[in-house]
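Structural overview
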Amino acid sequence: MDAPIIQLVLLLLLLIFVIWLYILPITMAGRRNRSGLIWFLIGLVASPLLAILLLLALGDAPGRPTA
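Anyway, here's the lowdown on the structure attached to this text. (Residues numbered from 1 in each chain as written. Predicted model: local features only at pLDDT ≥ 70, side-chain atom pairs only at ≥ 80, totals over all residues. Heavy atoms only, no water.)

Peptide bonds are, in most cases, trans, and in most cases residues other than glycine have a negative phi. We note that N33 has phi near 60°; this positive angle belongs to a residue other than glycine. Within the fold, N33 resides in the loop between α1 (3–31) and α2 (36–45). (Helix = DSSP H or I, 4+ residues; strand = E, 2+ residues; numbered from the N terminus.)

Structure representation (structure tokens):
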């Protein structure tokens, strides 16, 4: 009887992790003076991990001073 509860908890943890993976590129893009919507769409089409890696590789947007 405990198995369905454990499965439900694990499913909820997995869902939270996946949602966090899609939110992370948005926040990273904002810190780098880039469009969060564009990077969310890149993560949605390709994968959020690819969007995160690309943001790390690109760094800050050129021509805009960082705060």
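Read on, since the account is not over.
To describe two helices that pack against each other, one gives the angle between their axes and the distance between the axes. Contact pair α1 / helix α3 (residues 48–58): the axes reach a minimum separation of 8 Å and the direction vectors enclose 20°. What the angle tells us is that α1 and α3 run roughly parallel. Our pair here, α1 against α3, has a crossing hand that is left-handed. Across from L21, Y22, L24, P25, M28 and A29 in α1, the residues of α3 making contact are P48, L49, A51, I52, L55 and L56. The class makeup of the residues in the contact of α1 with α3 is 12 nonpolar, no polar and no charged. (Axes fitted to C-alpha atoms, helices over the stretch in contact; angles between N-to-C directions. Parallel < 35°, antiparallel > 145°, perpendicular 65-115°, else oblique. Left-handed = near helix turned anticlockwise from the far one by under 90°. Contact = heavy atoms within 4.5 Å. Nonpolar A, V, L, I, M, F, W, Y, C, P; charged D, E, K, R; others polar.)

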